[in-house]
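Spelled out, the chains give:
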Amino acid sequence: MPYSIYVPNRYILNVSTLGPFQNATSLHNDRIGLFHGDITTLSVDAIVNAANLLLLGGGGVDGAIHRAAGPKLLRECRTLHGCPTGSAKITNAYDLPCKKVIHAVGPIYNVNDPADSEIALRGCYRSSLELAVRHNLKTIAFSAISTGVYRYPTADAAHVACDTVREFMDSNDGPKLDKVIFVTFEEKDARSYNLLLP
Ligand code: AR6
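Residues numbered from 1 in each chain as written. Predicted model: local features only at pLDDT ≥ 70, side-chain atom pairs only at ≥ 80, totals over all residues. Heavy atoms only, no water.

## Structural notes on helix α3 (residues 71–78)
Since there are 3.6 residues in each turn of an α-helix, residues three or four apart along the chain are aligned in direction. Quick note on the threshold: Summary of the burial criterion: residues with accessible area below 20% of their type's maximum are buried, those above 50% are exposed, and those between are partly exposed, where the area comes from a 1.4 Å probe applied to protein chains only. Comment: elements are numbered from the N terminus, with helices defined as DSSP H or I runs of at least four residues and strands as E runs of at least two. Note that the arc is defined by the directions from the helix axis to the C-beta atoms. Note on contacts: a residue pair qualifies if any of its non-hydrogen atoms lie within 4.5 Å across the two residues.
Along α3, the residues that are buried comprise L73, E76 and C77. Along the axis of α3, the buried residues cluster in a sector spanning 100°; they form a single face. For α3, exposure combined with an orientation more than 90 degrees from the buried face picks out P71, R75 and R78. If you follow the buried residues of α3, they end up packed against α2 (60–69), β5 (88–92) and β6 (100–105).

Structure (structure tokens):
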């Protein structure tokens, strides 16, 4: 079924034209999309921030989300008292066009223990999806958690993201979500997701 996202002042993005998800059925393909651009422009139910343990803002996508949401976001984040790595917390979205922001804390990639980093990254995606379902949110857009200053290799991170989302969609809670969108900002991220979601 065609599905569109309203991108303010820009254009209507039709994500139904996206290609198949590797090892996935049409059940997955129809409900997973890619968007190349700024996550703060998406009027989905929830966007997922790549935050840090303190949840008090920062650079990268975290900085962009806080700038676009306005100072009330930081005020609410202060009441959350941080969040452990591999987990996520939810706030209102204030001046952003989406309804909620889910703040996920990705791992700082550990070259000496990549398995540990993977467990934490999977935790981010799973916790965010669980929060979305708990709050009755149907459309969720993920930033490429940990692939910036936290240095998680992009292709590995994209694989973890796709695999965890597919697993969730196959779970009992999976049908409660209408659409999951992976947002790529840099070319390297776009290339990795294009390979997985040709
Ligand atoms: N829209 C979508 N994606 C973006 C945007 C944007 N506006 N801006 C950057 N990205 P990073 P991390 C992509 O470094 O690695 C912060 O200071 C970017 O290209 O933002 O999880 C936090 O406070 C990259 O692919 O997050 C933490 O301290 C992805 O977002 C720390 O950085 C994630 O890059 C978290 O590091």
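Past the structure itself, the notes keep going.
## Some points on the sheet that holds β5
What counts is decided by this rule: Following DSSP output, two strands are said to pair if at least two bridges run between them. Orientation is described by lines fitted to C-alpha atoms, with helices fitted over the stretch in contact, and by angles between N-to-C directions that extend from 0 to 180 degrees.
Reading across the sheet, the six strands line up as β3-β8-β7-β4-β6-β5 and stay open at both edges, with mixed pairing between neighbours. Since the sheet does not close on itself, it has two edges, and those belong to β3 (32–36) and β5, each with one partner. When strand polarity is set aside, the average angle formed by the axes of neighbouring strands in this sheet is 25°. Bridging between β5 and β6 involves five bridges; their strand directions are antiparallel. Residue pairing for β6: N92 is matched across the bridge by K100. Sitting on the sheet, α3 is in contact with β5 and β6, with an inclination near 135° to β5.

## What to know about the packing of aromatic side chains
Rules: Between 30 and 60 degrees the pair is tilted, below 30 it is stacked and above 60 it is edge-to-face, where a pair is any two Phe, Tyr or Trp rings, Trp via its six-membered ring, whose centres lie within 6.5 Å.
Taken as a whole and assessed by the stated rule, the structure comprises four aromatic pairs. Judged by centre distance (4.7 Å) and plane angle (40°), the rings of Y125 and F142 are tilted. Here F142 lies in strand β7 (residues 139–142) and Y125 lies in helix α4 (residues 114–134), a separation of 17 residues in the sequence. Accessibility classification places Y125 together with F142 in one group, the buried group.

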